[in-house]
6 protein chains.
Amino acid sequence: MKKIALYPGTFDPITNGHIDILKKATEIFDHVVLAVAEDTGKNTQFSLDERKKLCTEATAQIERVKVDSFPGLVVDYAKKIGAVAMIRGLRAVSDFEYELQIALMNKQIDSGINTIFLVPDYKYLYLSSSLIKQIIRLGGVLDEFIPPCVGQALKAKTNNTDNC
Amino acid sequence: MKKIALYPGTFDPITNGHIDILKKATEIFDHVVLAVAEDTGKNTQFSLDERKKLCTEATAQIERVKVDSFPGLVVDYAKKIGAVAMIRGLRAVSDFEYELQIALMNKQIDSGINTIFLVPDYKYLYLSSSLIKQIIRLGGVLDEFIPPCVGQALKAKTNNTDNC
Amino acid sequence: MKKIALYPGTFDPITNGHIDILKKATEIFDHVVLAVAEDTGKNTQFSLDERKKLCTEATAQIERVKVDSFPGLVVDYAKKIGAVAMIRGLRAVSDFEYELQIALMNKQIDSGINTIFLVPDYKYLYLSSSLIKQIIRLGGVLDEFIPPCVGQALKAKTNNTDNC
Amino acid sequence: MKKIALYPGTFDPITNGHIDILKKATEIFDHVVLAVAEDTGKNTQFSLDERKKLCTEATAQIERVKVDSFPGLVVDYAKKIGAVAMIRGLRAVSDFEYELQIALMNKQIDSGINTIFLVPDYKYLYLSSSLIKQIIRLGGVLDEFIPPCVGQALKAKTNNTDNC
Amino acid sequence: MKKIALYPGTFDPITNGHIDILKKATEIFDHVVLAVAEDTGKNTQFSLDERKKLCTEATAQIERVKVDSFPGLVVDYAKKIGAVAMIRGLRAVSDFEYELQIALMNKQIDSGINTIFLVPDYKYLYLSSSLIKQIIRLGGVLDEFIPPCVGQALKAKTNNTDNC
Amino acid sequence: MKKIALYPGTFDPITNGHIDILKKATEIFDHVVLAVAEDTGKNTQFSLDERKKLCTEATAQIERVKVDSFPGLVVDYAKKIGAVAMIRGLRAVSDFEYELQIALMNKQIDSGINTIFLVPDYKYLYLSSSLIKQIIRLGGVLDEFIPPCVGQALKAKTNNTDNC
């Protein structure tokens with residue numbers, strides 16, 4: 001039976017750190033579903049459609065990956081698609097505690113689904129979507145850390161904001 | 001193709017925390033090889049044979065698990081058995097940094113093998129083999145945290161030491 | 001002389017983790033005052049009256065506990081009620097640093113009052129009010145982590161929000 | 001050639017912890033430029049002019065220090081003034097990870113500028129601008145942690161808010 | 001009924017950080033028993049008798065304190081003396097995780113005894129017995145961090161070692 | 001006046017992570033003295049002479065660097081050579097707390113000397129001398145992380161040990 005893994009997240013926007021985790025996941029599992037959360041409980045810079053579109057474009061070259069989105073609880077979606085595991089990237093210590101909290105709670109809500117953590121490559125260990133957004137807003141260039149389509153989308157956002 | 005995962009460690013001795021991680025791994029992969037390190041770089045309380053025997057006995061009821069041991073580098077052994085991933089349990093923050101260090105270094109030595117981290121059940125999050133050994137040596141009872149065979153082995157060790 | 005301890009907090013809303021800490025405190029001190037902060041410096045989901053009412057209902061069965069609220073600085077309230085110590089629950093590392101900061105600052109403002117930290121039971125170590133609120137909003141069930149009255153109040157909040 | 005160091009920050013408002021770091025920096029470098037960020041990406045309690053004015057007043061007695069402000073990326077400003085290093089104070093662990101992230105990213109944007117971390121005196125290790133603001137708003141006195149001009153400015157802010 | 005608290009430890013040797021915690025404990029409880037562990041599971045620089053003697057001398061001026069030692073498990077000793085709580089000092093993050101582990105395990109062995117954590121004064125937050133021993137061995141002076149009797153004992157140890 | 005910085009350590013053995021920190025230090029200061037501790041308080045794999053010789057060879061191409069060794073307290077040596085600052089590399093969180101402890105204690109022993117922390121390049125953030133020694137002992141190759149002379153010295157050590 002094919003092993004499907006779920007890689008859920010906000011992806012606001014997707015970074016090369018996310019893509020690195022995704023590639024590692026495809027080396028382990030038969031299929032990986034990257035699923036964008038519809039309800040993130042916070043204001044996102046990009047709309048759900050934008051986040052999904054950027055994920056699709058940025059992962060087009062990676063085989064056995066499908067991009068989707070989900071409403072409600074991630075464990076319900078994981079069960080629906082028959083995932084054997086949920087994947088999360090681990091970076092710094094502060095990340096770790098928050099992720100541990102979520103993983104334990106999800107296990108509590110549905111004991112049938114496990115979370116596994118993957119470590120990104122060295123250079124993505126201290127990368128965050130929010131830091132990237134801030135630097136690009138101030139005029140910085142970060143081509144090594146984001147897919148080209150995300151770079152363009154962030155610049156467009158910045159210019160739009162400046163026009164207001 | 002069957003997905004094989006490797007769960008390497010010192011297992012000096014195996015605890016119920018290890019067994020919880022092992023069970024979660026069998027829910028994700030087709031087969032899991034629990035492999036005891038021959039060369040740990042430190043003094044172990046139990047010999048390699050003892051550690052391996054306790055692991056075998058403690059995991060006898062778990063399906064699709066094989067106990068083995070390995071010399072040298074864990075990445076060489078992982079490649080030899082065709083593992084798609086190495087599994088490690090994550091507990092506290094101090095654990096996390098050490099494990100991250102090892103995972104990154106192993107990826108450096110052989111980029112073909114990924115480490116994945118699993119979180120044990122709540123009650124094993126702060127469990128450690130060394131703490132268990134210390135408490136049993138002082139006469140404490142910890143049946144909830146170790147398999148029966150390990151409890152007996154630890155008591156035997158304590159009595160032998162007292163006789164010396 | 002009776003030993004009174006103060007257990008201050010935002011309690012937005014009270015969880016079973018809070019109640020576990022409160023019970024432990026009553027095993028150590030003669031009386032414990034659970035005091036809800038009136039001025040939290042942030043937006044709370046529940047009003048002061050609601051938070052206080054839920055605390056009262058959820059702790060009704062615990063002896064030697066009184067629920068109150070306080071304006072201004074917690075050290076002033078601690079002195080006013082003659083508390084020998086302020087109690088805080090300790091969970092993860094991120095918690096620890098924040099709590100340490102508050103405890104040191106409170107000691108600076110009034111050196112006559114000490115903060116003591118209690119550790120909750122295993123299963124509440126990674127519990128947070130904000131995570132609970134998010135999961136219930138998405139339709140999850142968390143009966144093991146919150147008192148029944150809090151579960152009902154959260155569901156009522158979620159439904160009201162949906163109607164808007 | 002004179003060694004110039006840059007000490008950038010939000011300084012909302014400047015505390016005695018910042019001043020302690022600044023003094024240590026002047027013991028190492030020939031000149032130190034304390035530079036207030038114009039674009040902080042968050043709402044500040046004090047305006048740029050207020051933050052700059054408080055920094056100027058609070059550091060008037062320290063030799064070889066100049067107060068300035070900068071728009072955009074801090075690395076661009078560092079290069080413009082010919083700084084050999086950027087200085088940041090290190091306090092708790094949570095600080096450390098965030099600062100590490102920023103330092104690595106800045107190095108990525110411009111490899112010609114290094115960040116160095118200085119540790120403040122014991123009593124400022126757990127001090128934060130946001131905690132100070134909260135305590136003063138509630139009526140607390142913190143003369144040991146903030147310059148007199150900051151104490152007055154915070155009290156004025158609190159009174160103005162109360163009048164609204 | 002009098003509230004007795006137990007303050008257990010290795011005290012190899014006792015520092016002013018320990019004494020600060022002890023004093024805070026006497027402000028909360030009626031009596032505090034400082035109990036030196038006989039079996040520490042590691043090599044101590046000072047013998048049990050030396051550690052106990054230094055604790056007695058260093059705490060002679062603090063009222064309502066008794067120095068004792070205990071074999072075996074600390075929870076057994078706590079029950080024997082009728083302690084309502086065990087006290088531990090909390091310093092850095094690494095401390096916190098280790099102490100949390102011990103506290104949870106002790107609660108498991110005997111659910112009738114709680115551990116409470118106290119935070120020392122600022123200047124003792126990063127103090128450790130092992131660092132003190134190393135600095136004094138190298139000829140450093142640390143009068144602010146250790147009682148006079150401990151300073152003399154450490155110097156005597158250093159000289160004896162040099163004579164060998 | 002020339003600014004001299006001191007980079008003290010055990011260097012057992014020196015790694016490319018140390019060399020990265022050293023190079024960054026030479027970008028900030030006029031001269032940097034890399035000083036090997038004679039008394040480390042622990043067993044080193046390499047003798048003082050070996051550690052010093054490897055440091056000299058590995059840093060031969062870096063300008064304005066001098067290799068030396070020092071007995072006793074590092075602050076005494078820093079004062080003797082007229083250093084304006086002591087340099088330490090910062091890696092993970094566990095590192096940070098230990099280094100903070102040392103920096104605060106050194107400041108206490110001699111308030112005239114400050115410690116500054118530098119962050120190494122991404123790929124050295126989780127590198128440690130002890131992990132390198134363990135991997136090479138097991139037959140791993142780590143050319144990216146150690147200077148060639150250190151690689152040869154470690155292999156020679158391993159072979160000698162095997163012959164015994």
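Owing to the predicted nature of the structure, the values given are computational and were not obtained by experimental measurement.

Teacher, can you tell me more about the arrangement of the chains here?
There is a clear gap between chain B and chain D: no contact, and 11 Å between their nearest C-alpha atoms. No interface is formed between chain A and chain E, the nearest pair of C-alpha atoms being 11 Å apart.

How should the relation of the copies chain B and chain A be read in this particular structure?
Superposition of the two copies of the chain requires a rotation about an axis together with a shift along that axis. Turning chain B through 180° and shifting it by 0.0 Å along the axis lays it on chain A, with an RMSD of 0.0 Å. In the structure described here, the two chain copies are related by an operation that fits a two-fold rotation axis. Residues of chain B ranked by C-alpha distance from the rotation axis are headed by Phe117(B), positioned 2.4 Å from it. Both copies contact each other with a shared surface, as 100% of the interface residues of chain B are interface residues in chain A too.

What is the right way to read the sheet that holds strand E2 (residues 31-37) of chain A from this model?
The strands making up a sheet are joined through hydrogen bonds of the backbone, oriented either antiparallel or parallel. Strand order in the open sheet formed by 10 strands is E3(A)-E2(A)-E1(A)-E4(A)-E5(A)-E5(B)-E4(B)-E1(B)-E2(B)-E3(B), and the pairing between neighbours is mixed. Edge positions in the open sheet fall to strand E3 (65-70) of chain A together with strand E3 (65-70) of chain B, since each of these has one partner strand only. Mean inter-strand twist for the sheet, computed between neighbouring axes without regard to direction, equals 35°. Here strand E1 (residues 4-9) of chain A pairs with E2(A) via 6 bridges, running parallel. The residue of E2(A) that forms the bridge with Pro8(A) is Ala35(A).

Would you take a moment to explain the pattern of salt bridges for this structure?
Between side chains of opposite charge, pairing is possible as soon as their charged atoms come close. Counting across every chain of the model gives 43 salt bridges over all chains. Where Glu50(C) meets Lys157(C), a salt bridge forms, and the shortest distance between an N and an O atom there is 3.3 Å. With Glu50(C) in helix H2 (residues 48-58) and Lys157(C) in helix H6 (residues 148-163), the pair connects residues that are 107 residues apart, well separated along the chain. Looking at Lys157(C), the relative accessible area reads 21%, which means it is partly exposed. With a closest N to O distance of 3.3 Å, Asp30(D) and Lys3(F) form a salt bridge.

Mind showing me how you'd approach helix H5 (residues 129-137) of chain F here?
The α-helix winds at 3.6 residues per turn, so residues separated by three or four positions along the chain end up facing the same way. Within the sequence span of H5(F), burial applies to Ser129(F), Leu131(F), Ile132(F), Lys133(F), Ile135(F) and Ile136(F). Looking one or two residues past H5(F), Gly139(F) carries a phi angle of roughly 100°, positive in sign.

Just checking my understanding: could you explain the pairing of E2(A) for this structure?
For a regular strand, side chains alternate in direction, first toward one face of the sheet and then toward the other. By the criterion of burial, E2(A) is predominantly enclosed, with 6 of the 7 residues buried. Once you follow E2(A) into helix H2 (residues 48-58) of chain A and on to E3(A), the crossover reads as right-handed.

Hey, could you run me through the interface of chain E and chain C in this one?
A common way to express how large an interface is: the accessible area buried when the components associate. Contacts between chain E and chain C engage 28 residues on the former and 28 residues on the latter. Buried surface at the junction of chain E and chain C, both sides included, amounts to about 2500 Å², of which 67% is carbon and sulfur. Counting across the interface, chain E meets chain C through 2 salt bridges. Counting across the chain E and chain C interface gives 7 residue pairs in polar contact (both at pLDDT 80 or more). Listed by contribution, the elements that provide at least two residues to the side of chain E that touches chain C are helix H1 (16-28), helix H4 (93-109) and strand E5 (114-118) of chain E. For the side of chain E that touches chain C, the leading source of residues is H4(E), giving 8 residues. For the side of chain E that touches chain C, the residue count by class is 18 nonpolar, 3 polar and 7 charged. Bridging between strand E5 (residues 114-118) of chain C and E5(E) involves 3 bridges; their strand directions are antiparallel. Looking at the pairing, Leu118(C) lines up with Ile116(E) of E5(E).

Would you take a moment to explain the confidence of the model for chain A for this structure?
The predicted coordinates ought not to be read in detail in places where the model reports low pLDDT. Here chain A averages 91 in pLDDT, and 96% of its residues register 70 or above. On the interface metric, ipTM, the complex scores 0.91, and its pTM is 0.93.

How do you make sense of the interface of chain B and chain A when you look at a structure like this?
With 28 residues of chain B in contact, the opposing surface of chain A contributes 28 residues. With both chains or domains summed, chain B and chain A bury close to 2500 Å², and 67% of this area falls on carbon and sulfur atoms. Our count for the chain B to chain A interface comes out at 2 salt bridges. The interface formed by chain B and chain A holds 7 residue pairs in polar contact (both at pLDDT 80 or more) in total. Of all the secondary-structure elements, those providing two or more residues to the side of chain B that touches chain A are helix H1 (16-28), helix H4 (93-109) and strand E5 (114-118) of chain B. At 8 residues, the largest contribution of residues to the side of chain B that touches chain A is made by H4(B). Class assignment for the residues of the side of chain B that touches chain A results in 18 nonpolar, 3 polar and 7 charged.

Quick question: what am I supposed to make of the pairing of strand E4 (residues 85-89) of chain D here?
Residues and elements named next belong to chain D. Of all 5 residues in E4, 4 are buried, a share of seventy percent or more. As paired strands, strand E1 (residues 4-9) and E4 are joined by 2 bridges and run parallel to one another. From the neighbouring strand, Ala 5 faces E4, where its bridge partner is Ala 85. Sheet analysis places E4 next to strand E5 (residues 114-118), joined by 5 bridges and oriented parallel. Bridging across to E5, Ile 87 finds its partner in Ile 116.

Here is what the cut-offs are and how they apply
- Residues numbered from 1 in each chain as written.
- Chains lettered and ligands numbered in written order.
- Predicted model: local features only at pLDDT ≥ 70, side-chain atom pairs only at ≥ 80, totals over all residues.
- Heavy atoms only, no water.
- Contact = heavy atoms within 4.5 Å.
- Least-squares fit on C-alpha atoms with pLDDT ≥ 70 in both.
- Pairing = 2+ DSSP bridges.
- Helix = DSSP H or I, 4+ residues; strand = E, 2+ residues; numbered from the N terminus.
- Axes fitted to C-alpha atoms, helices over the stretch in contact; angles between N-to-C directions.
- Salt bridge = Lys/Arg side-chain N within 4 Å of Asp/Glu carboxyl O.
- Buried < 20%, exposed > 50% of the residue type's maximum accessible area, 1.4 Å probe, protein only.
- Right-handed = clockwise from strand over helix to strand, strands pointing away.
- Buried area = accessible area lost by both parts, 1.4 Å probe.
- Polar contact = N/O pair within 3.5 Å; in protein donor to acceptor, adjacent residues only side chain to side chain.
- Nonpolar A, V, L, I, M, F, W, Y, C, P; charged D, E, K, R; others polar.
- pLDDT = per-residue confidence, 0-100.

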